Amino acid sequence: MDEPAPPVLELRGVAHSYRQGTRRLDVLRGADLLLDRGEMVALVGPSGSGKSTLLHVAGLLEAPETGQVLYRGQECGSLRDAERTRIRRIGIGFVYQFHHLMAEFTALENVMIPQLIAGLVSSTARSRSLELLDMVGLADRARHRPGQLSGGEQQRVAIARAFANVPSVVLADEPTGNLDPQTSAEVFTTLRGIIQASGLTTLVATHDADLAGMTDRVVTIRDGRVEPAGYPDAGMTGADRADP
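From a predicted model like this one, the values you see are computed outputs, not experimental measurements. (Residues numbered from 1 in each chain as written. Predicted model: local features only at pLDDT ≥ 70, side-chain atom pairs only at ≥ 80, totals over all residues. Heavy atoms only, no water.)

**Q** Explanation requested: the nonpolar core in the structure shown.
**A** The nonpolar side chains of a soluble globular protein tend to be buried, and buried together. Formed by 32 residues in total, the largest nonpolar core has its most connected members in Leu133, Val157, Ile159 and Phe163. Residue assignment for this core shows that the elements contributing at least two residues are α3 (107-117), α4 (122-135), α5 (151-162), β7 (169-173) and α6 (181-198). Not counting chain neighbours up to four residues away, the residues in contact with Phe163 comprise Arg128, Leu132, Val170, Leu191, Ile194, Ile195, Ser198 and Leu200. In terms of nonpolar packing, the next biggest core, distinct from the first, is built from 29 residues, Leu33, Leu55, Cys76 and Ile221 among them. (Core = buried A, V, L, I, M, F, W, Y, C linked by side-chain atoms within 4.5 Å. Buried < 20%, exposed > 50% of the residue type's maximum accessible area, 1.4 Å probe, protein only. Helix = DSSP H or I, 4+ residues; strand = E, 2+ residues; numbered from the N terminus. Contact = heavy atoms within 4.5 Å.)

Structure below.
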């Protein structure tokens, strides 16, 4: 009998801190979190609670001081920077509050670039990018530069770019936080639609309770820990899951 596939992303007892002069600021204090394939999870918490830091560690942008970060069953938190970068480039997509599009390139080119960096040929990257822009409702704006697009349109291009390399997980940090309420709802609906169509796993940090309510599950980060434990079964901890 085949063993079940491992979770797409799992954090076990992750701790992380920063230095502010001579002061040590503990941001994550043993955070546990599990994301199963195809689920969309909202991460909520007060400002400064560590949402962005958790996303950075989960996305292999930073290595945890202690604890484990497992991507599809592989422990990645202790890998060297180059290896984390390789895994991140092909397996993890990011959507930020600010779109970070390259102003000198068109919407189409902005979505193509991550694929070209990953080694895809131009024709394949172009076809994939046009498909993604169509999915976010921007097929007719593909040749426009960011300065010719509205804020909501720019963020939809950023969403398309996050899915360009067919990642296993997408991490979104306040993806609609820079938009007005109506545009925010429209962009979030676009994000949710493309996630449902692709069956990918997504973790969305948001302060918007209405948007959080549109996800499959909501977890809260407080005092450096995810409450409940961050697993679908609220009574299960990382240690429990590792040693049933």
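Picking up after the structure, the text goes on.
**Q** Is there a simple way to explain the environment of Met135 in this structure?
**A** Assignment of secondary structure puts Met135 in helix α4. The sequence separation of Met135 and Leu34 amounts to 101 residues, and the corresponding C-alpha distance is 28 Å. Excluding residues within four positions of it along the chain, Met135 makes contact with Ile194 and Ala197.

**Q** Please explain the side chain of Ser168 as it appears in this structure.
**A** Within the fold, Ser168 resides in the loop between α5 and β7. Using a relative accessible area of 18% as the deciding quantity, one classes Ser168 as buried. Of note is the side chain of Ser168, whose polar atom sits 3.2 Å from the side chain of Tyr71. Within polar-contact distance, the side chain of Ser168 engages the side chain of Arg72 at 3.3 Å. With near-sequence residues (within four places) excluded, Ser168 lies in contact with Val8, Tyr71, Arg72, Gly91, Leu200 and Thr201. (Polar contact = N/O pair within 3.5 Å; in protein donor to acceptor, adjacent residues only side chain to side chain.)

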